Every structure is written in C-alpha cells, then in structure tokens.
Amino acid sequence: RFIAKPCAINLGIQDSGPHRAQPNAILEKVFTSITKSPDGKRLEGLSKQLDWDVRKIQRWFRHRRNQDKPTTLTKFCESMWRFTFYLSIFFYGIRFLWTAPWFWDTRQCWYNYPFQPLTSRLYYYYILELAFYWSLMFSQFTDIKRKDFLIMFVHHLATIGLITFSYMNNMVRVGTLVLCLHDASDFLLEAAKLANYAKYQRLCDAFFMLFGVVFIVTRLGIYPFWILNTTLFESWELIGPYPSWWLFNGLLITLQILHIIWSYLIIRIAYKALVRGKVSKDDRSDVESSSEEEDVTSNSTKGVFSTSSNGSNRINGHVASGQWTEE
C-alpha cells in the first residue's frame with residue numbers, strides 16, 4: 001500500500017482493469033443467477049431473445065468474467081511483497097547456512113540427533129518461514145484467484161506440515177536446507193512478474209529464463225540427490241528407521257511430485273517459446289481473450305512474455321503465464 005503502489009505508479013502502471021461489458025439486464029441476470037459460461041443451447045436462446053449474434057453474446061460473457069479479475073496494479077503490489085520476502089529470506093538463509101557444517105556435509109544433519117542445539121538464528125529463520133507460509137495459506141482465499149488453487153493449496157499444506165513437523169522433532173538442520181533450496185528460485189519468478197507488469201519485456205524474459213534454469217536445477221537436481229538422499233538413506237544409515245521416518249519422507253516426496261509437475265510446465269513453455277517463436281494462450285490465465293485479441297497478441301509478440309491487448313498480465317501461481325503457457 002505504501003511502497004509497492006507508489007513504485008507501480010512511477011513505472012506507469014495504471015489502476016485500470018479489463019474492458020467492461022456493456023450493461024445488459026438479461027445477460028447480467030443469467031451471469032449472476034444461472035451460469036457464467038453458458039452452453040450452446042442457452043446461447044441460442046439468448047440470441048433469439050436479444051436479437052444478438054451468438055458471437056457477440058459469447059464476447060459479452062467473456063468481458064463480464066474478465067471485469068471481476070484483479071487489475072495489473074493489484075497484481076504488481078502482491079508480487080512486489082512476495083519478491084521482497086523471498087529475496088530477503090533467501091539471503092538470510094544463505095548467510096546463516098554458509099557457516100553451518102551441515103550445509104557442506106548433509107550427514108551432519110543426523111550426527112548426535114536428536115540432541116542438537118537450536119540456536120537463535122536458526123529459530124528465527126524457521127519462525128519467519130512458518131509465519132509466511134501460514135499467511136499464504138490464509139491469504140490464498142482473498143488474494144488473486146488462480147486456476148492452480150488446489151495444487152498451491154496442497155503445496156502450502158505440505159510445506160507447513162514439513163516445517164512444523166521438523167521443528168517439533170528437532171530436524172531443523174535438514175529443514176533449513178529444504179527452505180533455502182525452495183527460496184532460491186521463487187524471488188526470480190516474482191521479479192519476472194514485476195518486469196512484465198511494468199512492460200520491461202527483455203528484462204522479464206531474462207528473469208524467467210533464469211528462473212526456469214534455477215528451478216529445474218534445484219528442484220530436479222539438488223533436491224532429490226541432496227535432500228531426499230540424506231532423509232531417505234543417510235538418516236536410515238546413521239540413526240535407523242525412526243518412528244516418523246515414513247511421514248517425514250512422504251511429505252518430502254509430495255513436494256518432489258509437485259516439482260516435477262511445475263518443471264514440466266516450465267520446460268513446455270520454454271520449448272514453445274524457443275522453437276515456435278510464440279506461445280499459445282495460457283490454460284491457467286486469469287484473464288480470457290477473444291480469438292481476435294489472441295491473433296493480434298500472437299502476431300505482435302516478439303518477446304517471451306506478453307500482456308494481452310486489454311493490458312492485463314497473465315503470470316500466475318508458481319509458473320509464469322501470459323504468453324508463457326502454464327505457472
């Protein structure tokens with residue numbers, strides 16, 4: 001409110017939403033009381049009742065759905081808050097872990113377990129992360145609605161469960177590694193969103209490509225071969241099959257499954273952008289476009305990211321969208 005909004009205004013981002021549908025009492029009643037996406041039979045009936053072309057009615061419903069979507073300014077402010085947190089907590093974690101022995105040797109996570117001291121820096125790192133993910137859990141119901149609501153809900157549940165569980169069982173050493181690894185790419189995605197909202201196309205493309213590389217390297221490379229290796233095998237070897245071993249590793253493997261899903265989407269986006277030179281509309285986009293708008297956007301897009309002709313950005317969830325197909 002006091003930082004992000006003035007920054008957005010200075011960058012020329014206006015608090016204006018998508019094109020609004022023209023007032024129509026009959027269509028508005030259908031939209032609010034019956035359906036927001038009428039089928040072919042209902043469209044034919046409305047066409048006869050209003051003496052409108054079916055195409056025009058479809059466009060009206062599309063515009064009506066879009067006008068309830070958040071503005072670019074709102075999305076910029078949300079992304080700037082998340083960017084600030086992710087960047088700050090990542091550098092805090094790196095600075096803290098750089099001198100920690102288990103950062104360089106994961107077997108140190110299990111030596112003398114569970115009698116390992118909980119330092120003040122480690123405690124604050126954990127509490128800050130837990131508080132943030134709890135805030136995401138609650139704000140997800142009031143923030144910008146995404147089509148990947150369910151998968152993000154599962155992600156937040158798994159993350160909160162892991163943080164709480166590892167803290168209660170004093171598995172904070174391996175927990176800090178998981179947290180730092182996940183924060184490594186998140187701030188890059190938010191930076192790409194900010195650049196897209198501000199229409200800095202080249203910067204946006206660069207941030208997203210960097211995000212994709214870091215995401216895949218950390219989530220498909222370092223995470224399974226570094227984190228899962230120590231929780232599945234090194235812990236079993238050094239302290240044996242402790243009672244909560246199955247639950248703890250089950251949650252970690254759930255995160256790995258989500259990583260694979262998101263990595264697939266990122267790779268698909270990059271493939272379409274590099275091979276075809278342009279990308280189809282995002283299936284998760286929070287703003288719909290008519291076919292005419294899509295044609296104009298596709299033909300005029302030179303960068304990897306793009307905003308639609310109504311000015312609404314399409315970067316969602318964990319994978320950027322818009323001209324990037326999502327995440």
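Before going into details, it helps to say that this report is about the structure given with it. (Residues numbered from 1 in each chain as written. Predicted model: local features only at pLDDT ≥ 70, side-chain atom pairs only at ≥ 80, totals over all residues. Heavy atoms only, no water.)

### Overview of the overall build of the protein
Quick reminder of the rule: Helix and strand labels come from DSSP, where a helix needs a run of H or I of at least four residues and a strand needs a run of E of at least two; each type is numbered from the N terminus. Remark: exposure states derive from per-residue accessible area (1.4 Å probe, protein chains only) relative to the maximum for the residue type, with buried under 20%, exposed over 50%, and partly exposed in between. Here the Shrake-Rupley method, with its probe set to 1.4 Å, supplies the accessible areas, and only the displayed protein chains count as covering residues.
The helix and strand tally for the protein stands at 12 helices and 0 strands. Listing every helix and strand of the protein by position from the N terminus yields α-α-α-α-α-α-α-α-α-α-α-α. Residues counted as buried form 52% of the 327 residues belonging to the protein. Accessible surface for the protein amounts to roughly 16100 Å². Of this, 63% is attributable to carbon and sulfur atoms.

### Observations concerning the pattern of salt bridges
In plain terms, the rule: The rule for a salt bridge is simple: a side-chain nitrogen of Lys or Arg has to be within 4 Å of a carboxyl oxygen of Asp or Glu.
Going through the model one piece at a time under the given rule, you end up with 4 salt bridges. Of the charged contacts in the structure, one is a salt bridge between Arg-107 and Glu-237, with a shortest N-O distance of 3.2 Å. Of this pair, Arg-107 sits in the loop between α6 (101-104) and α7 (120-139) while Glu-237 sits in helix α10 (residues 201-239); the two residues are 130 residues apart in sequence, bridging distant segments of the chain. Overall, the relative accessible area of 23% leaves Arg-107 in the partly exposed class. Note on Glu-237: relative accessible area 54%, which makes it exposed.

### What to know about the packing of aromatic side chains
A ring pair, where both rings are aromatic, is described by two values, the distance of the centres and the angle of the planes. Which entries qualify depends on this criterion: Each pair of aromatic rings taken from Phe, Tyr and Trp, with Trp reduced to its six-membered ring, is defined by centres within 6.5 Å and is described as stacked if the planes are under 30 degrees apart, edge-to-face if over 60, and tilted in the remaining cases. The criterion for a charge sitting over a ring is simple: Lys NZ or Arg CZ within 6 Å of the ring centre, and within 35 degrees of the ring normal.
Evaluation of the coordinates by the stated rule reveals 26 aromatic pairs. With a centroid separation of 3.8 Å and 10 degrees between ring planes, the pair formed by Phe-85 and Phe-132 is classed as stacked. Remark: Phe-132 occurs in helix α7 and Phe-85 occurs in helix α5 (residues 72-97); sequence separation between them is 47 residues. Like Phe-132, Phe-85 is buried. Ring geometry for Trp-245 versus Trp-246: centroids 4.6 Å apart, planes at 85 degrees, classification edge-to-face. Accessibility expressed as a relative area gives 62% for Trp-246, which makes it exposed. Note that Lys-56 overlies the ring of Trp-52, its terminal NZ or CZ placed 4.3 Å from the centroid.

### Overview of the nonpolar core
Short version of the rule: We call a set of buried residues a nonpolar core when its members are Ala, Val, Leu, Ile, Met, Phe, Trp, Tyr or Cys and they connect through side-chain atoms within 4.5 Å of each other. We call two residues contacting when some pair of their heavy atoms lies within 4.5 Å.
Counting residues in each nonpolar core, the largest one holds 58 residues, and the members touching the most others are Leu-97, Trp-102, Tyr-223 and Phe-248. Counting residues per element, this core draws most heavily on helix α9 (residues 172-197), which supplies 12 residues. Aside from chain neighbours lying at most four places away, what touches Leu-97 is Trp-102, Phe-103, Trp-104, Thr-176, Leu-177 and Cys-180. If you look at the next biggest cluster of nonpolar residues, it comprises 10 residues, including Val-30, Phe-31, Leu-46 and Ile-57.

### Side note on helix α3 (residues 40-50)
Quick note on the threshold: The arc in question is traced by the directions running from the helix axis to the C-beta atoms.
Of all the residues in α3, the buried ones are Leu-43, Leu-46, Ser-47 and Leu-50. Along the axis of α3, the buried residues cluster in a sector spanning 105 degrees; they form a single face. Turned more than 90 degrees from where α3 packs its buried face, Lys-41, Lys-48 and Gln-49 sit exposed. Check the buried side of α3 and you find it contacts α2 (25-33) and α4 (54-66). Asp-51, located one to two residues past α3, shows a positive phi value of around 60 degrees.

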